[in-house]
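For reference, the chains in residue letters:
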Amino acid sequence: MKVWIETLHRKSGNKLAVKVMINGKKKQRALFEKNQKRQAKEYAASLRLKEPHLAMPADITFATAIKEYSKTVLSNELLAHETRLHMIAHLNHHIAPHISKEALTDYTYHDFKTTYIPALINSYGMRVKNAPGGKTTVERTNIKLGKKSIKDAVANFKLFVKYCLERKWVIDSAILEFKFNKNFFQGENTKAKWMPKYKDVVKLVTQQTDPLNKALFHTAAETGMRLNEILGLTYSDIDLKSKPALIYLNHSTDKWNNFRENFLKTASSKRRVEISKSLALILDGWMKSQTPKRAGQYRLVFGTVSKKMARRRVMKAADRLGIQWESGLSPFRKFSFSFLKDQQALTDKQIMQRFGWTNMNTPNKWYYRDLDTNKEVRLSAINKMLPN
C-alpha cells in the first residue's frame, strides 16, 4: 500500500490531495488547503498505520451489501429454512426501508441512533396474505411494531453489520455496541400472558371421546412438548416397554408441516421424557388403531395433523366444554411446567432435561404461573401463622 501527498493546481488555488494506491488502484482520500501541509502529513501517516481495506474502503452501497448478504443467508444450511426467511423478512421490511445513506462508509452510529431507531419504533408491522394460485403477498398493517419485533430487527441489523465487517466492507462498528436502556420500552403495553386454570386443563384433557384429541391433548399437557415436536413424533420414538414408558425427542416439523429428520429447536431439545401409565395406554391404543402416515422410513404418530388443525381441534374442544381457551396447544407447555414446579417433585436439572432447556431463567419468567393447587394447605398455614 502506497500513501502520498500530491499538489493539485486549481484556479482557486493549489490544494494538497492525500492519495492511496493498493494493487494498482488509486483513490483520493482527503483534500487540504495549501497552508494545511502539517494536517495533510498527519492524515497520510495515520493511513499508513491502517489495514489496506480501511485505508482505501471499497465503494459498497447498501443495496449491493444487502443483496450479497441475502444470498449468504439463504444459502446457509446451518440455519433452518424458516429462520433464513425470517432474517430476510427483517432485512427487507424493517431494515432496508429505514436506511438514510447510500454508501456503507457514510453510515455512522449517529445515523443509526438518530434516524434508524426512531423510524423503526414508529413503523408498522407486516402481514402475509394468501393470494390466488397458492401464492402469498406481504403488506404493511396499521399496527405498530411490538417490543420483540423491534429488538429482533436491531439484532438482525447487527448481524448484517458483522457480515459487512467480515467482508472488510467499512461500516461504523460502533453500531454493534448499541443497547436499549432499561426504560426504553417503559410505555410499551405488553399483552398479558394467558394461562389456563388447572381444572379447565383437566376437564379438557380427560373429557375427550375423539381418540385423536385424547392422545394429542394428553401428550401435550403431560409432556409439555412443543407442537412441532409432537407432530414430529414417530413410532420408533415411543418406548412403551420401558418402565416407566419413555418418549424420545429426535424430530420435528417446520412451519409448513414438513417432517424434519433429526432436527429440533436447540441441541438441548434432543431428550427423553418419562410418561405416565395412562398416557402410555392412550398412545398404545391410538397407534394400533390408526394407519400411520409415513415420512420416508418413519411412521408418524400424529402424521395426519397440521399445526393449524391442532389449534382448531383444541379450540373447538374447549368451546364444546364451555372452557375459555387461547393460543392453541402452546398453553399446555406452560401448564405442564407450572404444575411440576408447584409439586416440587423434580429438581431444576430434571425439569430442564424434561423440557429441553439449558437454564431456568426463561421458563421462570415467561412460563410459570401459579395454578393454585395448594389452596387449602396455603390458607391453613396463613391461619396458623400467629396465635389467635
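Residues numbered from 1 in each chain as written. Predicted model: local features only at pLDDT ≥ 70, side-chain atom pairs only at ≥ 80, totals over all residues. Heavy atoms only, no water.

A. Structural context of the pairing of strand S7 (residues 246-249). The sheet contact formed by strand S6 (residues 238-239) and S7 spans two bridges and is antiparallel. If you follow isoleucine 238 over to S7, its bridge partner there is isoleucine 247. Connecting the antiparallel pair S6 and S7 is a turn made up of six residues. Alignment of S7 against strand S10 (residues 271-274), held across four bridges, turns out to be antiparallel. Bridge pairing in S10 places leucine 249 opposite arginine 271. (Pairing = 2+ DSSP bridges. Helix = DSSP H or I, 4+ residues; strand = E, 2+ residues; numbered from the N terminus.)

B. Seen up close, the packing of helix H8 (residues 211-223) against helix H11 (residues 307-320). Interaxial distance between H8 and H11 falls to 11 Å at its minimum, and their mutual angle equals 100 degrees. Considering the angle they form, H8 stands roughly perpendicular to H11. Of the residues in H11, those in contact with Leu212, Asn213, Leu216 and Phe217 of H8 are Ala310, Arg313, Val314, Ala317 and Arg320. Class assignment of the residues belonging to the contact of H8 with H11 gives a composition of six nonpolar, one polar and two charged. (Axes fitted to C-alpha atoms, helices over the stretch in contact; angles between N-to-C directions. Parallel < 35°, antiparallel > 145°, perpendicular 65-115°, else oblique. Contact = heavy atoms within 4.5 Å. Nonpolar A, V, L, I, M, F, W, Y, C, P; charged D, E, K, R; others polar.)

C. Molecular detail of a nonpolar patch on the surface. Among the surface-exposed residues, Leu379, Ile382, Met385 and Leu386 lie close enough to one another that they form a single nonpolar patch of about 430 Å² accessible area. Relative to the assigned elements, isoleucine 382 resides in helix H15 (residues 375-383). (Patch = residues over 30% accessible without salt bridge, like charges linked within 9 Å, V, L, I, M, F, W, Y side chains within 5 Å. Areas by Shrake-Rupley, 256 points an atom, 1.4 Å probe, with all protein chains shown as cover. Salt bridge = Lys/Arg side-chain N within 4 Å of Asp/Glu carboxyl O.)

D. The arrangement of the sheet that holds strand S2 (residues 15-22) in detail. With antiparallel pairing, the three strands of this open sheet are ordered in space as S1-S2-S3. Looking along the sheet, the strands with just one partner apiece sit at the ends: strand S1 (2-8) and strand S3 (25-33). Put simply, the sheet's adjacent strands are angled 25 degrees from each other on average, direction ignored. Strand direction decides the pairing type here: S2 and S3, joined by eight bridges, are antiparallel. Among the inter-strand pairings, methionine 21 is bridged to a residue of S3, identified as lysine 26.

E. Quick peek at the nonpolar core. The biggest cluster of nonpolar side chains holds 42 residues, and the ones touching the most others in it are Leu204, Leu283, Phe302, Trp325 and Phe332. Discounting chain neighbours no more than four positions away, the residues touching leucine 204 are Phe217, Val314, Ala317, Ala318, Leu321, Ile323, Trp325 and Phe332. (Core = buried A, V, L, I, M, F, W, Y, C linked by side-chain atoms within 4.5 Å. Buried < 20%, exposed > 50% of the residue type's maximum accessible area, 1.4 Å probe, protein only.)

F. How the structure looks around the sheet that holds S10. Judged by pairing direction, the sheet is antiparallel, and its three strands sit side by side in the order S6-S7-S10 without closing on themselves. The strands lining the two open edges of the sheet, one partner per strand, are S6 and S10.

G. Broad picture of a positive patch on the surface. Together, Lys308, Arg312, Lys316 and Arg320 make up a positively charged patch on the protein surface. Residue position: lysine 308 is located in helix H11. Given a relative accessible area of 65%, lysine 308 falls into the exposed group. (Lys, Arg positive; Asp, Glu negative; His and termini not counted. Charge placed at Lys NZ, Arg CZ, Asp CG, Glu CD.)

H. Region of the structure containing the environment of serine 100. Among the structural elements, serine 100 can be located in the loop between helix H4 (81-95) and helix H5 (109-121). Residue class for serine 100 comes out partly exposed when judged on its relative accessible area of 40%. Excluding anything up to four places from it in sequence, serine 100 contacts Tyr107, Asp111 and Thr115. Polar side-chain contacts of serine 100 include one of 3.4 Å to the side chain of threonine 115. (Polar contact = N/O pair within 3.5 Å; in protein donor to acceptor, adjacent residues only side chain to side chain.)

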